[in-house]
Amino acid sequence: MTSRIYILLLLALTFSSCNLTTSPKVGALGDHAMVVSAHPLSTAVGLNVLKQGGNAIDAAVATQFALAVVYPRAGNIGGGGFSVIRLTDGSIAALDFREKAPAQAERKMFQDSLGNVVGELSTIGHLAAGVPGSVAGMWELHQKYGSLPWADLVQPAIDLAFEGFLITANEAEALNEKQEDFRQANHYRPWVVRENGWQANDYVNQPQLAATLSFIRDSGRDGFYKGIVAQQIVKEMQRGNGLVTHEDLQNYEAIWRAPLVGTYRGHRVISMPPPSSGGVAVLQMLQGAELLNVGRYEHNSTNAVHLMAEIERRVFADRSKHLGDPDYFQVPVQQLLSPDYNASRFADISIDQTTPSTDIQGGEVPYESPETTHFSIVDADGNAISTTTTLNLNYGCKVWVKGAGFVLNNEMDDFSSKPGVPNFFGLIGAEANAIAPGKRMLSSMTPTIVEKDGALKMVLGSPGGATILTSVFQTVLNVIDYEMTMQEAVSAKKVHHQWLPDQIKAETDAISLKTIEELEQLGHSFEFVDKIGRNDCILVREDGRLEGGADPRGDDKAAGF
Ligand code: DON
């Protein structure tokens, strides 16, 4: 065992043993730079790039590849995502590296002959996989903004894959939960399948993944979309009746899109446009919160939770009707964000009455003619990047590409398989998000950056499917309205309403018994869950220092210097 392995093992042990059950009031502080990501080892990789003089985008590329190794349930090269960037000169950009439906995908591919949706087809196995976008995304980010050599940014992930690391208790639990799915989805036994189950501190090395990453290191995006790795993906698809072909891989392009910009109580909020619903939804929710002055009510009090639920159900109804891939469907973004539209959209909200979701439909807007993971990084020059990437559900479609050592996404489930039939996250869609060849499926991922008085203030984002929208929304409110530190805002218990089902989803202990009773009297019903969101965010404090808020719901880690 090399000394480097010892260091990695030690690091993993140290960090896994301080797996937070209670979180501090203030998160990690840095005078110059900060990385917050889902795993201590990926945070260490990103921080090291920054210390070597790399910029925030260099660090993002290295962090993303490291996550693909140490956080296999959501970190990925077989998935896709979005980045929102704000450079120190104030310029902004958004990169879409969302997966696409393969060219052979069909509108009714997940329905049986009677027109019933066969749920598992879009979540487990080869058909569930969209054409991956992550490697093209990292390549594009680096081509445009990178300052260190590409190979230097991929190499740390190769080292981690080859030399190995110790898994955390959370990862062991997630791997154990999916043993049956792994067996069902694979025609051979990938490394994740383990007879007697996994435990914290089990040692994992991934030589096949190291080899795949080496092709990417040496040939850039072509190392994934062409050559041996592409052949391995296509062979895997053929074995499992999947649809992704060489043409799909070669045609995949990450796309630069204009970020969405809105305001909230004197702040400028920059977020992701479609095919994510994130920017539209959060900017609508913030308009609602400002109009109704949600912040005047105590955090998670009856009035605050009620108003947020009423705002959220209207926004989710709009999402369901209007949002989809803008290259395939005319998404009325400007109309949905217009202050006039939102003033009337939220006008019928009453402080002492609920509006049943059955009384709410997607708003009429005038048409003009024509298991995810998030990280936030700020570098010493003040450049910021907010990136959320995903395989969709934990370990994606559970299919490990034979010989290549990585798992494919099950992002096809983010399409609407049939109008009105909910997907895994209970989200309903229609025409805007119907399956079509080459189309990008609608996302909730919401990488977001907030400015105040022309300066960087926050870098935000979270995994969590539909709850991404509401947990990013609440994290913004927690800092701006409730004056929490970044760590408090991230750790604070969250609540969620998504129109359908018509109920408030709340973290256990998020709201008091008395508040629950009061909300029930107003007509709300509840589902209680262990965790909502996993926000990894950065705040530029009044004193100029950076505070990283790492979510205590996972193994997440903030570190700065
Ligand atoms: O893009 C989306 O909205 C979903 N695929 C995100 C899935 C997710 O966040 C799962 N993580 N917990």
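Scoring rules and cut-offs
- Residues numbered from 1 in each chain as written.
- Predicted model: local features only at pLDDT ≥ 70, side-chain atom pairs only at ≥ 80, totals over all residues.
- Heavy atoms only, no water.
- Helix = DSSP H or I, 4+ residues; strand = E, 2+ residues; numbered from the N terminus.
- Rg over C-alpha atoms; globule rule 2.2 N^0.38 Å.
- Buried < 20%, exposed > 50% of the residue type's maximum accessible area, 1.4 Å probe, protein only.
- Areas by Shrake-Rupley, 256 points an atom, 1.4 Å probe, with all protein chains shown as cover.
- Lys, Arg positive; Asp, Glu negative; His and termini not counted.
- Charge placed at Lys NZ, Arg CZ, Asp CG, Glu CD.
- Pairing = 2+ DSSP bridges.
- Axes fitted to C-alpha atoms, helices over the stretch in contact; angles between N-to-C directions.
- Contact = heavy atoms within 4.5 Å.
- Near = heavy atom within 4 Å.
- 1 Å grid on protein atoms, 1.4 Å probe; cavity = no way out; pocket = protein on both sides within 12 Å on 5 of 7 lines; lining within 4 Å.
- Sits in = over half its atoms within 2 Å of the grid points.
- Nonpolar A, V, L, I, M, F, W, Y, C, P; charged D, E, K, R; others polar.
- pLDDT = per-residue confidence, 0-100.
- Salt bridge = Lys/Arg side-chain N within 4 Å of Asp/Glu carboxyl O.
- Core = buried A, V, L, I, M, F, W, Y, C linked by side-chain atoms within 4.5 Å.
- Phe/Tyr/Trp six-rings, centres within 6.5 Å; stacked < 30°, edge-to-face > 60°.

## Considerations on the overall build of the chain
Phase 1 of the analysis: Helix and strand counts for the chain stand at 18 helices and 19 strands.
Phase 2 of the analysis: Radius of gyration (C-alpha) of the chain: 22 Å, near the 24 Å computed for a compact globule of 561 residues.
Phase 3 of the analysis: Seen through its principal axes, the chain has C-alpha atoms that stretch 65 × 60 × 45 Å.
Phase 4 of the analysis: By the burial criterion, 65% of the 561 residues in the chain qualify as buried.
Phase 5 of the analysis: With an accessible surface of roughly 19800 Å², the chain has 50% of that area assigned to carbon and sulfur atoms.
Phase 6 of the analysis: One finds the centroid of the 45 positive side-chain charges in the chain at a distance of 3 Å from the centroid of its 65 negative side-chain charges.

## A word on the sheet that holds strand 11 (residues 384–390)
Phase 1 of the analysis: An order of 7-4-3-11-10-2-19 is seen for the 7 strands of this open sheet, with the pairing classed as antiparallel. On the outer flanks of this sheet lie strand 7 (255–257) and strand 19 (557–560), each paired with one strand and no other. Direction aside, the axes of adjacent strands within the sheet are offset by 15° on average.
Phase 2 of the analysis: In the packing of helix 2 (residues 40–51) onto the sheet, the strands contacted are strand 2 (34–37), strand 10 (373–378) and strand 19, and the crossing angle to strand 2 comes to about 160°.
Phase 3 of the analysis: Each of strand 2, strand 3 (80–86), strand 10 and strand 11 is contacted by helix 3 (residues 56–70), which is oriented at about 150° to strand 10, the strand it contacts most.

## Describing the site of the ligand
Phase 1 of the analysis: With respect to spatial proximity, 15 residues lie near the ligand, and among them Thr-372, Glu-411, Asp-414, Ser-444 and Gly-465 are the closest.
Phase 2 of the analysis: Look at the ligand: alone it shows 340 Å² of surface, and the protein chains cover 93% of it.
Phase 3 of the analysis: Here the ligand is seated within the largest cavity.
Phase 4 of the analysis: The residue makeup of the shell around the ligand, split by class, is 4 nonpolar, 7 polar and 4 charged.

## Observations regarding the confidence of the model for the chain
Phase 1 of the analysis: Taken over all residues, the pLDDT of the chain has a mean of 94, while the share at 70 or more is 95%.
Phase 2 of the analysis: In the predicted structure, residues 5–21 sits below a pLDDT of 50 and forms 23 contacts with residues beyond four places in sequence or in another chain.

## Things to note about the sheet that holds strand 16 (residues 526–529)
Phase 1 of the analysis: The 3 strands lie next to each other as 14-15-16, forming an open sheet whose pairing is mixed. The open sheet has two edge strands, strand 14 (495–496) and strand 16, and neither has a second partner.
Phase 2 of the analysis: Here 4 bridges tie strand 15 (residues 504–507) to strand 16, and the two strands are oriented parallel to one another. Bridge pairing links Lys-505 to Glu-527 in strand 16.

## Side note on the side chain of Asp-413
Phase 1 of the analysis: Of note, Asp-413 is situated in the loop between strand 11 and strand 12 (448–452).
Phase 2 of the analysis: An unpaired buried charge is present at Asp-413: no salt bridge exists, and Arg-98, the closest side chain of opposite charge, is 9.5 Å distant.

## Points about the environment of Asn-116
Phase 1 of the analysis: As for its position among the elements, Asn-116 is in the loop between strand 4 (92–97) and helix 4 (134–145).
Phase 2 of the analysis: Not counting chain neighbours up to four residues away, the residues in contact with Asn-116 comprise Phe-110 and Gln-111.

## Quick notes on the nonpolar core
Phase 1 of the analysis: If you look at the biggest cluster of nonpolar residues, it comprises 86 residues, and the most contacted ones within it are Phe-65, Val-69, Ile-77, Leu-213, Phe-224, Ile-377 and Phe-406.
Phase 2 of the analysis: With 12 residues, helix 3 is the single largest residue contributor to this core.
Phase 3 of the analysis: If near-sequence neighbours (up to four positions away) are discounted, Phe-65 is found in contact with Ile-77, Val-135, Met-138, Trp-150, Val-154, Ala-157, Leu-213 and Ile-216.
Phase 4 of the analysis: Judged by nonpolar contacts, the second largest core, of 83 residues, contains Phe-316, Leu-477, Met-484 and Ala-558.

## With respect to the packing of aromatic side chains
Phase 1 of the analysis: Applying the stated criterion across every chain, the model contains 13 aromatic pairs.
Phase 2 of the analysis: Considering the side-chain rings of Phe-65 and Trp-150, the 5.6 Å spacing of their centres and the 90° angle between planes classify their relative orientation as edge-to-face. Here Phe-65, found in helix 3, pairs with Trp-150, found in helix 5 (residues 150–163); they are 85 residues apart in sequence, far enough to count as distant.
Phase 3 of the analysis: Among the residues examined, Phe-65 registers a relative accessible area of 1% and is labelled buried.
Phase 4 of the analysis: On the basis of relative accessibility, which here comes to 7%, the residue Trp-150 falls in the buried class.
Phase 5 of the analysis: Between Tyr-395 and Trp-400, the aromatic rings sit 6.2 Å apart at their centres with planes inclined by 35°, giving tilted as the arrangement.
Phase 6 of the analysis: By relative accessible area, Tyr-395 is classed as buried at 0%.
Phase 7 of the analysis: You can call Trp-400 buried: its relative accessible area is 2%.
Phase 8 of the analysis: The rings of Phe-182, Trp-191, Trp-198, Tyr-395 and Trp-400 are connected pair by pair, giving a single aromatic cluster.

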